[in-house]
Structures are given as structure tokens and as C-alpha cells.
Amino acid sequence: MKYSLLRFVKNIIYLAKYNLKDVNNNSLVYMKHRINFAAKLRNEIKNDFDILKPPRVKSAADTMKELVNTNKSIIRFGDGEYIIMGGGGIPFQEYNKELADKLSEIILSDYDNLLIGLGEELFHSPSPDSSPTTHEFLYSWVVENYDIIMKYAKFGKEYANTAISQLYPWKPGCKEEIEMHYNTFKQIFSNKKLVLVCGDRVIANTKFNILEEFQVEYIYGPTKHAYRDIDRLRKELDDKVSGDEVLLFALGPAGKVLAYEMFLRGFRVLDIGHTIKDYDTYMRGVEMTDETIKDFFAPDE
């Protein structure tokens with residue numbers, strides 16, 4: 001067995017030091033944490049003993065290799081998409097039922113050529129060298145929302161890693177790994193005509209553009225609540241593409257809907273999320289503190 005009792009014991013030791021009740025003093029929220037953490041731990045134990053295969057998320061490096069070596073597409077999901085599917089809104093995007101339904105369809109889709117990216121921390125305990133923020137996210141947001149996470153997960157399925165778009169905030173000191181990561185990213189785009197659908201401030205706020213050496217057509221949507229402009233963006237895509245382009249999307253939940261629609265029409269689509277901002281932040285050598293990480297994930301101004 002790959003993990004066996006050792007992983008289980010490590011989880012218990014970690015929890016002995018981590019008081020979930022401190023996350024929120026509301027007793028109902030605390031009870032939900034307890035119930036959902038018990039469900040998550042149960043699935044991990046099943047995983048350890050190979051009784052039942054829960055969902056798995058491959059590493060970011062393996063996800064990148066697959067994108068380089070195949071013609072597969074990828075659409076990534078993070079906490080924001082789960083919040084919308086659960087009926088809430090986020091700073092980037094207000095709640096919209098049609099959008100929530102489309103995201104639910106995408107995450108449950110099953111196409112050989114479409115990778116669905118999820119966070120590794122959803123189904124795996126973080127490694128000992130993971131950042132404190134990763135541990136906090138696992139034992140707070142993930143545990144609290146584990147019921148909706150499992151609602152949209154398929155047992156036995158291996159997912160891609162959503163974190164391919166944001167390496168630097170979590171590993172600012174790993175220069176060699178980050179350089180290798182972005183060299184791999186550029187291999188995906190090599191000798192391709194690209195169309196990028198992104199927020200209207202993404203490129204304007206960027207000093208180092210990872211796509212500057214490539215042939216790129218740009219389509220801009222609003223930084224916030226882009227789903228309001230979904231019809232205009234569909235039309236602009238139709239006007240820009242001829243059939244042989246690779247389509248890139250960095251437009252939050254709305255971009256994922258557009259990516260899925262274009263994938264169904266036969267295009268290769270890559271939901272690159274924060275990649276442009278991540279590369280720029282890395283190249284400028286921004287010090288990653290709690291405040292700069294918060295700014296990194298905030299809507300562009």
C-alpha cells in the first residue's frame with residue numbers, strides 16, 4: 001500500500017494541532033466542518049486501502065506533460081466555480097443560474113480529449129512542505145464545502161491539476177521548477193496560431209507577457225461579471241477563428257463556458273486562468289506575502 005496507516009496517523013497528528021472550531025464559532029458551521037472532514041477522511045482511508053477508488057488529481061508536472069504530448073484541451077475548476085455552482089457569487093462573477101448549470105455540465109462531462117482540472121488538495125492531503133495557506137485552505141474551505149465538492153466528483157476518475165496556472169504564489173523560491181514549468185507552457189504554444197479571450201486589464205497590467213513571442217489575436221471581456229457579455233464574446237470568437245487556432249481563455253467562469261462550447265465545435269481549448277499574471281509576477285520577482293497573494297487573486301483594476 002502506498003500510504004497505508006502512515007498517512008492516516010499523520011492526518012490525526014495534524015488535526016490534534018489544528019482546532020477546526022477556531023475557523024468559525026458558529027456551532028452549525030462547526031458541525032458541518034466535522035461531518036465533511038469525516039467524509040473526506042473516510043475517502044482517504046478507502047484510497048489508502050484500495051477498497052474504493054475516490055477521485056484523484058495528478059500533479060501539475062504530469063498535467064503539463066500531458067498537454068505537451070497530446071492535443072487535449074483543459075478546463076480548470078477552483079473554489080470560485082464551486083461557489084457559483086452552489087448558488088453563490090464571487091468578486092469576479094455574480095451568481096447566474098444559467099452559468100451555474102453550464103459549469104455543472106462541464107465538470108461532469110466525460111470526453112477523452114478534455115481534461116478537467118481540480119485542486120490537488122480536494123482529495124489529497126498536502127505534502128509536509130506545502131505552504132501554510134494550502135493547509136489552511138484544506139482544513140477550512142475544502143472541509144466546509146466537501147459535500148458540494150463530492151457532488152461534482154466521479155469516483156475512480158483521475159483529474160488534471162488546476163494549479164498549472166498559478167505556481168509562483170505557492171513556490172516563490174523554486175526558481176528552477178518555475179522556469180521549467182513555463183518553458184513547458186511555451187512548448188504547448190509552439191508554432192500555433194492563438195486566440196486569447198481575457199479580461200480587459202490583464203495585458204495592460206502586464207510587464208512580461210508569456211505570449212509576446214507568439215502570434216496572438218486578443219478578445220477582451222470585462223474584468224468583472226463577464227457572463228453578462230457572453231453573447232458578444234461568442235460573436236467575436238466566431239469572427240476571429242478560422243478553424244486551425246488554439247483557443248486560450250483567461251476570463252474566469254464565463255471563459256470556461258466559452259471554452260467548452262468551442263471544444264464541442266472541435267477546437268483545442270486551454271483554460272490558462274492566472275498564467276499570464278503568474279508569469280509576470282514571477283519575472284518581476286514580487287515578494288509573496290499574505291497581502292501580495294491576496295492582491296494576486298483579486299480582480300484586475
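Residues numbered from 1 in each chain as written. Predicted model: local features only at pLDDT ≥ 70, side-chain atom pairs only at ≥ 80, totals over all residues. Heavy atoms only, no water.

Chemist: How should I be thinking about the overall build of the chain in this particular structure?
Modeler: Counting its secondary structure elements, the chain contains 12 helices and 8 strands. Buried positions account for 50% of the 301 residues belonging to the chain. On the chain, roughly 14,800 Å² of surface is accessible, and the fraction owed to carbon and sulfur atoms is 50%. (Helix = DSSP H or I, 4+ residues; strand = E, 2+ residues; numbered from the N terminus. Buried < 20%, exposed > 50% of the residue type's maximum accessible area, 1.4 Å probe, protein only. Areas by Shrake-Rupley, 256 points an atom, 1.4 Å probe, with all protein chains shown as cover.)

Chemist: Would you explain the packing of helix α9 (residues 230-240) against helix α10 (residues 252-264) in this entry?
Modeler: Helix-helix packing is characterised by the crossing angle of the two axes and by the distance between the axes. Across the interface, α9 lies against α10 with an axial gap of 11 Å and an inter-helix angle of 40°. In terms of axis orientation, α9 runs oblique to α10. Considering how the two elements wind past one another, α9 and α10 form a crossing that is right-handed. Facing Ile 230, Leu 233, Arg 234 and Leu 237 of α9, the residues of α10 in contact are Ala 254, Val 257, Leu 258, Glu 261 and Met 262. Across the contact of α9 with α10, the residue classes tally to 7 nonpolar, no polar and 2 charged. (Axes fitted to C-alpha atoms, helices over the stretch in contact; angles between N-to-C directions. Parallel < 35°, antiparallel > 145°, perpendicular 65-115°, else oblique. Left-handed = near helix turned anticlockwise from the far one by under 90°. Contact = heavy atoms within 4.5 Å. Nonpolar A, V, L, I, M, F, W, Y, C, P; charged D, E, K, R; others polar.)

Chemist: Is there a simple way to explain unusual backbone geometry in this structure?
Modeler: Most of the time, phi is negative for any residue but glycine, and the peptide bond is trans. One non-glycine residue, Asn 191, lies in the positive phi region at around 60°. Looking at where Asn 191 falls in the secondary structure, it is placed in the loop between α8 (175-189) and β5 (193-199). Positioned with a positive phi, His 225 is a non-glycine residue whose angle comes to about 55°. With respect to the secondary-structure elements, His 225 resides in the loop between β6 (215-221) and α9.

Chemist: Just to check I follow, could you spell out the pattern of salt bridges for this structure?
Modeler: Side-chain pairs of opposite charge can arise whenever the charged atoms involved come near each other. This structure, assessed with the given rule, holds 17 salt bridges. Between Asp 101 and Lys 97 there is a salt bridge, with the nearest N and O atoms lying 2.8 Å from each other. Of this pair, Asp 101 and Lys 97 both sit in helix α5 (residues 97-107), 4 residues apart, roughly one helical turn. Judged by relative accessible area, which is 53%, Lys 97 ranks as exposed. Across the pair Asp 231 and Arg 234 runs a salt bridge whose closest N-O atoms are separated by 2.8 Å. Separated by 3 residues within a single helix, Asp 231 and Arg 234 lie in helix α9, roughly one turn from each other. Through salt bridges with shared partners, a single network forms among Lys 58, Glu 66, Lys 72 and Glu 158. (Salt bridge = Lys/Arg side-chain N within 4 Å of Asp/Glu carboxyl O.)

Chemist: Just to check I follow, could you spell out the environment of Asp 280 for this structure?
Modeler: Note that Asp 280 resides in helix α11 (residues 275-284). Along the chain, Asp 280 and Asn 209 lie 71 residues apart, while their C-alpha atoms are 6.5 Å from each other. With residues near it in sequence (within four places) discarded, Asp 280 still touches Asn 205, Thr 206, Lys 207 and Phe 208.

Chemist: Before we go on, may I ask you to explain the nonpolar core in this structure?
Modeler: Counting residues in each nonpolar core, the largest one holds 48 residues, and the members touching the most others are Phe 77, Tyr 82, Leu 118, Phe 123, Leu 237, Leu 247 and Phe 249. Ranked by residues supplied to this core, first place goes to α10 with 7 residues. Once residues lying within four places of it in the same chain are set aside, the contact partners of Leu 247 are Val 195, Leu 237, Val 241, Met 262, Phe 267, Arg 268, Val 269 and Leu 270. The next biggest cluster of nonpolar side chains, apart from the first, holds 33 residues, and it includes Leu 115, Ile 178, Leu 194 and Leu 196. (Core = buried A, V, L, I, M, F, W, Y, C linked by side-chain atoms within 4.5 Å.)

Chemist: Where do I start with α9 in this structure?
Modeler: Along α9, the positions that sit buried rather than exposed are Ile 230, Leu 233 and Leu 237. All buried residues of α9 project into a common sector of 60° when viewed along the axis, lining one side. Among the exposed residues of α9, those oriented more than 90 degrees off its buried face are Asp 231, Lys 235 and Asp 239. Buried residues along α9 sit in contact with β5, β6, β7 (246-250) and α10. (Arc of directions from axis to C-beta.)

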